[in-house]
Amino acid sequence: MSNVRLALAAAAFAALVLPARAEPVAATPIPKKIERTVGKLQAQAASSDQALDLVKDLVTNVGPRQAATEAEARARQWAVDRLTTLGFKNVRVEPFTMTAWRRVKDEVVILTPTPMKLGARALGYSASGKAEAEIVRFTSVAELKAAPDSAVRDKIVFIDERMERTPTGAGYAAAGIKRRECGPATALKGGLACLIRTVGTTERFVNTGMMSRGGLMGALPAAAISNEESDALAALLAKGPVRARVDIQTETISDAPSGNVIAELPGREKPDEIVLLGAHLDSWDITPGAQDDGAGVGVIMAAGKLIEQLPRNPKRTIRLVLFGAEEQGLLGAQAYAKAHAADLPKHVLAFEPDSGAGAVRAFSTKFPAEKLGYGAAMRKAIGETDGDNTARGSSDVSVLAGAGVPVVDILVDMSAYFDIHHTVQDTPDRIVPENLRQQTSAYATIAYIAAESGWVFK
Ligand SMILES: [Zn+2]
């Protein structure tokens, strides 16, 4: 074997046993002055519970605040009042209208063999309807879709699939499929109503959430039932036929008012360049929404306040956007992207906390390869080592990412989030104060670096 062939063989062997691994990108040095200010911001964040106090304030004074309701309007007024008091500038509401949905009645009763009323909750945008029929159980939407129409026609479908608990929240994406597709798949096969095992990891409480909007998607009455009651129903079905009554009444209201609340720390040198921190003000009707997304609201307001207290504003504008109607399909984010289409190219960076009040665990970017040094610097600045370049932008901010705005994700531990998400249990007492201090510190750090450094992320 020639030396060349030997070398090639050795290289091929090395490639086989040592898969090509990208070298970690070196962090771009952060200017000393910025680093010092970041140190001060982080020290203050570590000793302040302002984010949690704001969550308690929102939950106590406003409560559940479903999109396009009087309660959501009170949440906007709460935000305008607090942001003004905290010293933010250009505080305003940008209104938009939407088709609102209201829960009027959600009743699911097992009739035979064992009469029992279940604590069911209609899914968002469920149609109104009554059905009294036999229940047919499937373990997944795929199994429902593969079933013959005759197995589903004139029956109530029950999708009995348990959601997986994971730190990344990956189980939610999988579980969301049954919430979105159970209705349309059941309707196509001539079924009467659809019940799903709750999209959540708690045993007793039911999670609501979007089914889908309009058309065939909302054609059926659809509801979720708790894990505990799903177990009971599955046990009954294992013994023989089960008949149930589903009575769900809802209403939709067209052109109902919602809105986004905006507040700023105007940039001292480049006020037209915007670093956007988002969160959503609305919650589902059945939950106080302390973590979804009261925590996000508290974190970005507290992070912004820390920067407001500095002797001078950063070079670029820091803009807080408290979106309306996130839960009902990112409608506030869509309204914002439309209203600000002309200045979106001036949005330097956008990010949003909307994954609950877990501890920070990673930092991801979505930057071009030659800008990854900035991402590495930011990751280091918040004391994280994990993360990659596949950020998509949390909820509302994903809409801005789709319009070309650079985004980052400050990722948090979501292991316990789906115990409370979209349920009556989403209360402030379940928030670990240290986690919100940590999130506030990370948001203040990234916002300040992005607004003061002049770095460009696209
Ligand atoms: Zn949310």
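Notes on the structure in this doc start here. Since we're looking at a predicted model, the values are computed, not measured.

1. Details of the packing of aromatic side chains
Reasoning step 1: Scanning all chains against the criterion turns up nine aromatic pairs.
Reasoning step 2: Considering the side-chain rings of Phe-323 and Tyr-336, the 6.0 Å spacing of their centres and the 80° angle between planes classify their relative orientation as edge-to-face. Pair noted here: Phe-323 is in strand β10 (residues 316–323) and Tyr-336 is in helix α10 (residues 331–339), with a separation of 13 residues, a long-range link. Side by side, Phe-323 and Tyr-336 carry an identical accessibility label, which is buried.
Reasoning step 3: Ring centres of Phe-367 and Phe-457 lie 4.9 Å apart, and the angle between their planes is 25°; this geometry places the pair in the stacked category. Here Phe-367 is found in the loop between β12 (360–365) and α11 (372–381), whereas its partner Phe-457 is found in the segment after α13 (433–453), with 90 residues between them in sequence. Neither Phe-367 nor Phe-457 differs from the other in exposure class; each is buried.

2. Details of the environment of Tyr-336
Reasoning step 1: Accessibility expressed as a relative area gives 0% for Tyr-336, which makes it buried.
Reasoning step 2: Separated by 157 residues in sequence, Tyr-336 and Arg-179 have C-alpha atoms that sit 27 Å apart.
Reasoning step 3: Beyond its immediate sequence surroundings of up to four residues, Tyr-336 is in contact with Glu-94, Asn-260, Ile-262, Leu-276, Arg-319, Val-321, Phe-323, Leu-344, His-347 and Leu-400.

3. Examining the nonpolar core
The tendency in soluble globular proteins is for nonpolar side chains to be buried side by side.
Reasoning step 1: Membership of the largest hydrophobic core comes to 92 residues, with the highest contact counts inside it found for Leu-322, Leu-349 and Phe-351.
Reasoning step 2: There are two domains that each give this core at least three residues, and those are domain 1 (32–100 + 255–453) and domain 2 (114–241).

4. A word on the coordination of the zinc ion
Working reference: metal with six octahedral donors, ideal angles 90 or 180 degrees; metal with four tetrahedral donors, ideal angle 109.5 degrees.
Reasoning step 1: The zinc ion binds to the protein through His-280 (NE2), Asp-292 (OD), Asp-354 (OD) and Asp-354 (OD); the donor distances cover 1.9 to 2.6 Å.
Reasoning step 2: Here the zinc ion binds four donor atoms, and the angle range of 52 to 145° at the metal identifies the geometry as irregular.
Reasoning step 3: Every donor residue of the zinc ion comes from the same chain, spaced as H-x11-D-x61-D. Of this pair, His-280 sits in strand β9 (residues 270–280) while Asp-354 sits in the loop between β11 (347–351) and β12; the two residues are 74 residues apart in sequence, bridging distant segments of the chain.

5. Focus: a positive patch on the surface
Reasoning step 1: Residues Lys-33, Arg-36, Lys-40 and Arg-312 make up a contiguous surface patch of positive charge.
Reasoning step 2: As for its placement among the helices and strands, Arg-312 is situated in the loop between α9 (290–308) and β10.
Reasoning step 3: Taking relative accessible area as the criterion, Arg-312 reaches 46% and is therefore assigned partly exposed.

6. What about the state of the cysteines?
Reasoning step 1: Following the criterion strictly, the structure yields one disulfide and no others.
Reasoning step 2: Residue pairing for Cys-182: its cysteine sulfur links by disulfide to Cys-194, the two sulfurs lying 1.6 Å apart. Judged by the sign of its S-S torsion, about 120°, the bond between Cys-182 and Cys-194 is right-handed. Taken as a pair, Cys-182 in helix α7 (residues 170–188) and Cys-194 in strand β6 (residues 193–197) lie far apart in primary sequence, 12 residues in all. With respect to class, Cys-182 is no different from Cys-194; both count as buried.

7. Quick word on helix α4 (residues 70–85)
Reasoning step 1: Over its 16 residues, α4 extends 23 Å from the first C-alpha to the last, a length consistent with the 22 Å expected when each residue adds 1.5 Å.
Reasoning step 2: Turning to α4, its buried residues number three or more, namely Ala-71, Glu-72, Ala-75, Arg-76, Trp-78, Ala-79, Val-80 and Leu-83.
Reasoning step 3: Where α4 is buried, its residues contact α3 (50–61), β1 (89–112), β8 (243–265), α9 and β10.
Reasoning step 4: Phi turns positive, to about 100°, at Gly-87, one or two residues after α4.

What counts and what doesn't
Residues numbered from 1 in each chain as written. Predicted model: local features only at pLDDT ≥ 70, side-chain atom pairs only at ≥ 80, totals over all residues. Heavy atoms only, no water. Phe/Tyr/Trp six-rings, centres within 6.5 Å; stacked < 30°, edge-to-face > 60°. Helix = DSSP H or I, 4+ residues; strand = E, 2+ residues; numbered from the N terminus. Buried < 20%, exposed > 50% of the residue type's maximum accessible area, 1.4 Å probe, protein only. Contact = heavy atoms within 4.5 Å. Core = buried A, V, L, I, M, F, W, Y, C linked by side-chain atoms within 4.5 Å. Domains from an automatic or database assignment. Donors = N, O, S within 2.8 Å, 3.2 Å for Na, K, Ca; no water. Tetrahedral: all angles 85-135°; square planar, octahedral: opposite > 155°, others 65-115°. Patch = residues over 30% accessible without salt bridge, like charges linked within 9 Å, V, L, I, M, F, W, Y side chains within 5 Å. Areas by Shrake-Rupley, 256 points an atom, 1.4 Å probe, with all protein chains shown as cover. Salt bridge = Lys/Arg side-chain N within 4 Å of Asp/Glu carboxyl O. Lys, Arg positive; Asp, Glu negative; His and termini not counted. Charge placed at Lys NZ, Arg CZ, Asp CG, Glu CD. Disulfide = S-S within 2.5 Å. Expected span 1.5 Å × (residues − 1).

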